[in-house]
Amino acid sequence: MDNNIQMLPGYRINEYLLVLRPPEELWNKIVKVKEGFAATYQCAQARWGLPHITLAKFVQYEMMEARIVNRLKIVGMGQYPFKAELRDYGSFPSHSIYINVATKIPLQQLIKQVRSEGQRLMKLNDDNKPHFIMEPHLTVARNLQPWQYEKAWMEYSNRQFTGRFITDSMLLLKRAQNEMAYQVVQRFAFQNLPVATIQGELFG
């Protein structure tokens, strides 16, 4: 895309992540795992990524943000809080190691709801379609070199991890395409409201 167009207000393209973020105590426990991995396997990027479970990722024009936020607000209003359980480790051979999400079904149902409500709004063009993470996981380290993966997976495949939390909201994060850090766009509380109440709030 022409960089001059991207300079116009609203035409800037952002990268977005829709995530579940663990509460502080569990967050700190996961940060320690990531820092330990970074030190042992010379993998600085394991330190950078903040602990979260990604539901969806997409790129889109900034001018679409308000419409996407409104649509995600609807999903949040209808969603019930649920327990997410983290247990032990898994991997994507030969590049990523993650903490398993044991309670997949409520998460997958939420992701399907996000997909049905937001897929069209999140699609920039045919080359940039939204990606919905139907196998939810919490990344420890990714983009590993083969030696890092092989040595680390020998260890982590035998290690244990347990954690659980009640998911009562999801967060939309964004960053400009040339930036490293994400910023929070909005938090969407899970309110478990009936459809009629949601419609009343939207159109009343």
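In the block above lies the structure referred to throughout.
How each quantity is defined
- Residues numbered from 1 in each chain as written.
- Predicted model: local features only at pLDDT ≥ 70, side-chain atom pairs only at ≥ 80, totals over all residues.
- Heavy atoms only, no water.
- Axes fitted to C-alpha atoms, helices over the stretch in contact; angles between N-to-C directions.
- Helix = DSSP H or I, 4+ residues; strand = E, 2+ residues; numbered from the N terminus.
- Parallel < 35°, antiparallel > 145°, perpendicular 65-115°, else oblique.
- Left-handed = near helix turned anticlockwise from the far one by under 90°.
- Contact = heavy atoms within 4.5 Å.
- Nonpolar A, V, L, I, M, F, W, Y, C, P; charged D, E, K, R; others polar.
- Salt bridge = Lys/Arg side-chain N within 4 Å of Asp/Glu carboxyl O.
- Buried < 20%, exposed > 50% of the residue type's maximum accessible area, 1.4 Å probe, protein only.
- Phe/Tyr/Trp six-rings, centres within 6.5 Å; stacked < 30°, edge-to-face > 60°.
- Lys NZ or Arg CZ within 6 Å of the ring centre and 35° of its normal.

Teacher, can you tell me more about the packing of helix H4 (residues 65–78) against helix H5 (residues 104–122) here?
Following both chains from N to C, one finds H4 and H5 inclined at 160 degrees, their axes separated by 10 Å at the closest point. The angle between H4 and H5 falls in the class roughly antiparallel. Classified by chirality, the crossing of H5 by H4 is right-handed. Side by side, H4 and H5 meet where Arg67, Ile68, Arg71, Leu72 and Val75 of the first sit next to Leu110, Gln113, Val114, Glu117, Gly118, Leu121 and Met122 of the second. In terms of residue class, the contact of H4 with H5 is built from 7 nonpolar, 2 polar and 3 charged.

Would you explain the pattern of salt bridges in this entry?
Scanning the entire structure with this criterion turns up 10 salt bridges. Lys174 is the salt-bridge partner of Glu62, the closest N and O atoms lying 3.4 Å from each other. Taken together, the residues span a long stretch of sequence, with Glu62 in the loop between strand S2 (53–61) and H4 and Lys174 in strand S8 (residues 169–176) at a distance of 112 residues. Taking the relative accessible area as the measure of exposure, Glu62 reaches 26% and is therefore partly exposed. Across the pair Arg159 and Glu155 runs a salt bridge, and its minimum N-O distance is 2.9 Å. In this structure, a network of salt bridges that share partners links the residues Arg12, Glu62, Glu65 and Lys174.

Honestly, the side chain of Gln79 in this entry has me stumped. Any pointers?
Here Gln79 shows up in the loop between H4 and strand S3 (82–92). When sequence neighbours within four positions are dropped, the list of residues in contact with Gln79 reads Leu110, Phe190, Gln191 and Asn192.

Could you clarify how one ought to interpret the packing of aromatic side chains in this entry?
Geometrically, a pair of aromatic rings is defined through the distance of the ring centres and the angle of the planes. The final tally for this structure, using the stated rule, is 9 aromatic pairs. When the ring of Tyr11 is compared with that of Tyr61, the centres are 5.7 Å apart and the planes differ by 75 degrees; the resulting orientation is edge-to-face. Here Tyr11, found in the loop between helix H1 (3–7) and strand S1 (13–20), pairs with Tyr61, found in strand S2; they are 50 residues apart in sequence, far enough to count as distant. For Tyr11, a relative accessible area of 34% corresponds to the partly exposed category. The rings of Phe37, Tyr41, Tyr89, Tyr156 and Phe161 are connected pair by pair, giving a single aromatic cluster. Sitting over the ring of Phe161, Lys29 keeps its end group 4.7 Å from the ring centre.

That's the geometry; what it means functionally is another story.
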